[in-house]
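Reading the structure
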Amino acid sequence: MRRSAVLAVLVLVVAVLGGCVGWFGQGAARQGSSSSLVDFLYPKGEEPPPVGSQIPTLNLPLRVGLAFVPANVQSTESLSEARKTELLERTKAAFQGKDYLREIVVIPETYLRSTRGFDTVDQVARLYNLDVIALVSHDQLAVSSDRSSSFLYWTIVGAYVVEGTKNEVQTLVDTAVFDVPTRTLLFRAPGIDKVTKDATLIGTPEQVRRTQDESFGRAMEQMTVNLQKELEVFRERIKTEGTVKLVKRGTGGGGGGSLSGLELLALCALIFLAALRRRRILPPLPSHGRGRG
């Protein structure tokens, strides 16, 4: 009888400890958010055009769009639309006052969610009258894992006091800049951030969210700095390699002013009428400068 009681107590202790391990043991909670530039632009598995297959013509000053690539369906979104807009506005501010930029427009992610592919990019470009678009994709992973000591501290001291959870967040953002008419990748720039923090178990969810937000901000800051550097490298490459043709807006590339279709049609009509008058098919225009006889 006494032996049976001891066994019962041991079974109960194992069950209780097993429950504690199930909640606060060696497991790890993972959550992440990601968006794929390749999946967004080539949703049907299309092949990107060969590098150098077309020479883009950039009409300066440029009107540039800046937008986040929509997150994948299975991702857990870590940033709100308002926060994304705020981060893009910071990147936009870093490029203000450049003589080769007419305007940078922050595009709401909503306009890119309905469909995918370059056709969507073309529609957005027509809507905002864009020459170039910069698409920001991201990949963020947050891991919240319990240390081996957290089980012992939980059973003896209590989770409200002991720091037993390690929060790791890794964030990668990548901005790819495309010429809209030719769909040519002009240049790209990454931003990376990794942070490891400890937090009390009671505050873990909020701490993870805060850490994710801060990590995203730092990655965007690094990306913006790298984007400025890559832009300068791109400008030098244009001078030395001639991979892109630059045209000042309002000129046709040869130094003269360009004509619209309507202006060209009117000019052709005037030339045609002048030719008819030279052949005396039409009467000459009356002269208002002569006096009466």
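Below, the structure is looked at part by part.

Turning to the overall build of the protein, a few remarks are in order. A count of helices and strands for the protein gives seven helices and eight strands. For the protein, buried positions account for 38% of its 293 residues. In the protein, the share of contacts with a sequence separation of at least 24, taken over all contacts with a separation of at least 6, comes to 78%. Carbon and sulfur atoms make up 58% of the accessible area of the protein, which totals about 18200 Å².

Here we come to unusual backbone geometry. Each neighbour pair has its own omega, and for L60 with P61 the value is -5°, a cis peptide bond. Looking at the element boundaries, P61 is found in the loop between strand 2 (57-60) and strand 3 (62-68). Of note in the backbone geometry, N129 takes a positive phi value of approximately 55° without being a glycine. One can find N129 in the loop between helix 4 (118-128) and strand 5 (132-146). Unlike most non-glycine residues, R183 shows phi in positive territory, near 60°. The topology assignment puts R183 in the loop between strand 6 (163-179) and strand 7 (184-200).

The next subject is the side chain of T182. Tracing the chain through its elements places T182 in the loop between strand 6 and strand 7. A polar contact of 2.8 Å, which involves the side chain of T182, links it to the side chain of T184. In contact with T182, other than residues within four places in its own chain, are Q54 and P56.

In this section: the layout of surface pockets. Gaps left between atoms are located by rolling a probe of water-molecule size over the structure's atoms. Counted as a void, the largest pocket has a volume near 580 Å³. Along its surface, the largest pocket is lined by 25 residues, and P49, V51, T184, L185 and L186 are the ones closest to its centre. Of all elements in the fold, only helix 2 (37-41), strand 7 and helix 6 (204-241) reach the threshold of two or more residues within the lining of the largest pocket. The space that makes up the second largest pocket amounts to roughly 460 Å³. Contributing to the lining of the second largest pocket are 23 residues, with L62, Y100, L101, F187 and L231 lying nearest its centre. Elements with a contribution of two residues or more to the lining of the second largest pocket: strand 2, strand 3, strand 4 (101-106), strand 5, strand 7 and helix 6. Among the elements that line the lining of the second largest pocket, the one with the most residues is helix 6, at six residues. Class assignment for the residues of the lining of the second largest pocket results in 19 nonpolar, one polar and three charged.

Moving on to the packing of aromatic side chains. Scanning the model with the defined rule gives five aromatic pairs in all. Ring centres 6.3 Å apart and planes at 70° place the aromatic pair F68 and F216 in the edge-to-face group. Remark: F216 occurs in helix 6 and F68 occurs in strand 3; sequence separation between them is 148 residues. By relative accessible area, F216 is classed as buried at 0%. On the basis of an interplanar angle of 90° and a centroid distance of 5.9 Å, the ring pair of Y111 and Y128 is categorised as edge-to-face. Of this pair, Y111 sits in the loop between strand 4 and helix 4 while Y128 sits in helix 4, and the two are 17 residues apart along the sequence.

What counts and what doesn't
Residues numbered from 1 in each chain as written. Predicted model: local features only at pLDDT ≥ 70, side-chain atom pairs only at ≥ 80, totals over all residues. Heavy atoms only, no water. Helix = DSSP H or I, 4+ residues; strand = E, 2+ residues; numbered from the N terminus. Buried < 20%, exposed > 50% of the residue type's maximum accessible area, 1.4 Å probe, protein only. Contact = heavy atoms within 4.5 Å. Areas by Shrake-Rupley, 256 points an atom, 1.4 Å probe, with all protein chains shown as cover. Polar contact = N/O pair within 3.5 Å; in protein donor to acceptor, adjacent residues only side chain to side chain. 1 Å grid on protein atoms, 1.4 Å probe; cavity = no way out; pocket = protein on both sides within 12 Å on 5 of 7 lines; lining within 4 Å. Points joined across faces, edges and corners; volume = space filled by probe spheres on them. Nonpolar A, V, L, I, M, F, W, Y, C, P; charged D, E, K, R; others polar. Phe/Tyr/Trp six-rings, centres within 6.5 Å; stacked < 30°, edge-to-face > 60°.

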